[in-house]
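Descriptive structure summary
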Amino acid sequence: DGGITQSPKYLFRKEGQNVTLSCEQNLNHDAMYWYRQDPGQGLRLIYYSQIVNDFQKGDIAEGYSVSREKKESFPLTVTSAQKNPTAFYLCASSMGLAESYEQYFGPGTRLTVT
Amino acid sequence: AQKITQTQPGMFVQEKEAVTLDCTYDTSDQSYGLFWYKQPSSGEMIFLIYQGSYDEQNATEGRYSLNFQKARKSANLVISASQLGDSAMYFCAMREGWGQGAQKLVFGQGTRLTINP
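A brief look at the structure comes next. Just so it is clear, the model here is predicted, and its values are computed rather than measured.

1. A closer look at the layout of surface pockets
There is about 340 Å³ of room inside the largest pocket. Q37(A), G40(A), R110(A), Q39(B) and R112(B) are, among the 19 residues lining the largest pocket, the residues nearest its centre. Those elements giving two or more residues to the lining of the largest pocket turn out to be β9 (87–94) and β11 (109–113) of chain A together with β10 (88–96) of chain B.

2. Here's the deal with the sheet that holds strand β7 (residues 64–66) of chain A
Backbone hydrogen bonds are what pair the strands of a sheet, in a parallel or an antiparallel way. All names here are of chain A. Across the sheet, four strands lie side by side as β1-β3-β8-β7; this open sheet has antiparallel pairing. Each having just a single partner strand, β1 (4–7) and β7 make up the two edges of the open sheet. Direction aside, the axes of adjacent strands within the sheet are offset by 20° on average. Two strands pair when backbone bridges link them, and strand β3 (residues 19–25) and strand β8 (residues 76–78) are joined in this way by three bridges, in the antiparallel orientation. If you follow V19 over to β8, its bridge partner there is V78.

3. Quick word on the nonpolar core
Residues and elements named next belong to chain B. If you look at the biggest cluster of nonpolar residues, it comprises 25 residues, and the most contacted ones within it are Y25, W36, I49, L77, Y90 and L113. Considering every element that reaches this core, the biggest residue donor is β10, with four residues. When neighbours within four sequence positions are excluded, Y25 is seen to be in contact with K3, I4, Y32, L34, F68, Q69, K70, K73, S74, A75 and M94.

4. Comments concerning the side chain of T77(A)
Residue and element names in this part refer to chain A. Position of T77 among the secondary structure elements: in strand β8. Looking at T77, the relative accessible area reads 18%, which means it is buried. At 3.0 Å, the side chain of T77 and the side chain of T20 are in polar contact. Contact partners of T77, with chain neighbours within four places excluded, come to N18, V19, T20, G63, Y64 and S65.

Quick notes on the rules
- Residues numbered from 1 in each chain as written.
- Chains lettered and ligands numbered in written order.
- Predicted model: local features only at pLDDT ≥ 70, side-chain atom pairs only at ≥ 80, totals over all residues.
- Heavy atoms only, no water.
- 1 Å grid on protein atoms, 1.4 Å probe; cavity = no way out; pocket = protein on both sides within 12 Å on 5 of 7 lines; lining within 4 Å.
- Points joined across faces, edges and corners; volume = space filled by probe spheres on them.
- Helix = DSSP H or I, 4+ residues; strand = E, 2+ residues; numbered from the N terminus.
- Pairing = 2+ DSSP bridges.
- Axes fitted to C-alpha atoms, helices over the stretch in contact; angles between N-to-C directions.
- Core = buried A, V, L, I, M, F, W, Y, C linked by side-chain atoms within 4.5 Å.
- Buried < 20%, exposed > 50% of the residue type's maximum accessible area, 1.4 Å probe, protein only.
- Contact = heavy atoms within 4.5 Å.
- Polar contact = N/O pair within 3.5 Å; in protein donor to acceptor, adjacent residues only side chain to side chain.

By themselves these figures say nothing about function.
Structure follows, in structure tokens:
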């Protein structure tokens, strides 16, 4: 079955540590995205990538970094510079550039930093 | 400024009734797209329906329809014959522009829908 995999589902880290969240898709989609969701809020775009080896900052990129070395993979690193990293992180992908293409989402990773 | 506004933090509806979830948007683009997603308690976002700004007909997908009023900048989701499984958070989202590469979606704050038996 095609889909998006995010691991792990729950992640706990100490303050000051970098942590990398995994996102893998086997949908053969060109574009991939990372969103952050805080309790009771909508999603906010962190980074997105249209093709391999290319990515752009979203609305809240500070304290985060990404890479896109393979079409299937788009890992997100939450660095120690991110002031409030505890949140629910969702990865998504879309087929291409057409306006009507919906984004498919993974199950999310809930990150808790103490 | 808020680009997507969902004014109903929570809605309670009896099973089998129809429900309308409100969404208003703000954009100066002529070309844009509007999406509705459902988020169950598991957290995954599920695509429900899409409306393009140039689409003349309101979008429909099974029990879901989108009441698109372009002049009022509203894109309300209508769920007919609600079911217990419809209980979830619902998000309205907008993509601005045309052919600008990857979709940059802007989400509203969401509406929590509870279906009562």
